[in-house]
Amino acid sequence: MKKALISLVRWYQKRISPLSPPSCRFQPTCSNYMIEAIEKHGLKGVLMGIARIFRCHPLSSVGDDPVPDYFSLRRNVASRK
């Protein structure tokens, strides 16, 4: 199941993402975050990736937001220090 989900994200990265200019406010990008979250947390990683996409808007702060070692739908607090 993980491989299928990661394949979908990689398909998006190759086919859909190049059609628009880079606009992600965080490092790593939202699609790379989704892949890392799925690898680290399985199906819960999909929820983490979706929550990250909702956080990526013009009013949010920018910067590093790595995938946490524990499941959380919030921004990685450790990255703010």
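Our structure is the block above this text.
Since the structure is predicted, the reported quantities are computational estimates derived from the model, not experimental observations. (Residues numbered from 1 in each chain as written. Predicted model: local features only at pLDDT ≥ 70, side-chain atom pairs only at ≥ 80, totals over all residues. Heavy atoms only, no water.)

Quick word on a nonpolar patch on the surface
Here comes step 1: A surface patch of nonpolar side chains, amounting to about 310 Å² of accessible area, comprises Trp11, Tyr12 and Ile16.
Here comes step 2: Topologically, Tyr12 is positioned in helix α1 (residues 2-15).
Here comes step 3: Owing to a relative accessible area of 38%, Tyr12 belongs among the partly exposed residues under this scheme. (Patch = residues over 30% accessible without salt bridge, like charges linked within 9 Å, V, L, I, M, F, W, Y side chains within 5 Å. Areas by Shrake-Rupley, 256 points an atom, 1.4 Å probe, with all protein chains shown as cover. Salt bridge = Lys/Arg side-chain N within 4 Å of Asp/Glu carboxyl O. Helix = DSSP H or I, 4+ residues; strand = E, 2+ residues; numbered from the N terminus. Buried < 20%, exposed > 50% of the residue type's maximum accessible area, 1.4 Å probe, protein only.)

Quick notes on the environment of Val9
Here comes step 1: Structurally, the position occupied by Val9 is in helix α1.
Here comes step 2: For the pair Val9 and Asn32, spaced 23 residues apart in sequence, the C-alpha to C-alpha distance is 8.3 Å.
Here comes step 3: Other than its neighbours up to four places away in sequence, Val9 contacts Ser31, Met34 and Ile35. (Contact = heavy atoms within 4.5 Å.)

Topic: the nonpolar core
Here comes step 1: Of all hydrophobic cores here, the largest spans 6 residues; its members are Leu5, Ile6, Val9, Met34, Ile35 and Ile38.
Here comes step 2: Elements represented by at least two residues in this core include exactly α1 and α2 (30-41).
Here comes step 3: With near-sequence residues (within four places) excluded, Ile35 lies in contact with Ile6, Val9, Arg10 and Gln13. (Core = buried A, V, L, I, M, F, W, Y, C linked by side-chain atoms within 4.5 Å.)

A few points about unusual backbone geometry
What is expected of a backbone is that most residues other than glycine have negative phi and most peptide bonds are trans.
Here comes step 1: For the bond running from Gln27 to Pro28, omega is -5°, close enough to zero to count as cis.
Here comes step 2: As for its placement among the helices and strands, Pro28 is situated in the loop between β1 (26-27) and α2.

Side note on the packing of aromatic side chains
Here comes step 1: Within this structure, the stated rule accounts for 0 aromatic pairs.
Here comes step 2: A cation sits over an aromatic face here: Lys44 above Phe71, 5.3 Å from the ring centre. (Phe/Tyr/Trp six-rings, centres within 6.5 Å; stacked < 30°, edge-to-face > 60°. Lys NZ or Arg CZ within 6 Å of the ring centre and 35° of its normal.)

Regarding the packing of α1 against α2
Here comes step 1: It is at 10 Å that the axes of α1 and α2 come closest, and there the two elements cross at 170°. The angle between the axes of α1 and α2 places the two elements in the roughly antiparallel class. Between α1, through Lys2, Leu5, Ile6, Val9, Arg10, Tyr12 and Gln13, and α2, the contact on the second element is made entirely by Ser31, Asn32, Met34, Ile35, Ile38 and Glu39.
Here comes step 2: Residue composition of the contact of α1 with α2, by class: 7 nonpolar, 3 polar and 3 charged. (Axes fitted to C-alpha atoms, helices over the stretch in contact; angles between N-to-C directions. Parallel < 35°, antiparallel > 145°, perpendicular 65-115°, else oblique. Nonpolar A, V, L, I, M, F, W, Y, C, P; charged D, E, K, R; others polar.)

Remarks on the pattern of salt bridges
Here comes step 1: Using the criterion set out here, one finds 3 salt bridges in the structure.
Here comes step 2: Residues Arg52 and Asp65 are paired through a salt bridge, measuring 3.6 Å at the closest nitrogen-oxygen approach. You can see Arg52 sitting in helix α3 (residues 43-55) and its partner Asp65 sitting in the segment after β2 (63-64), a full 13 residues away along the chain.
Here comes step 3: Here the salt bridges do not stand alone but share partners, grouping Arg52, Arg55 and Asp65 into one network.

Remember, this is a structural readout, not a statement about activity or role.
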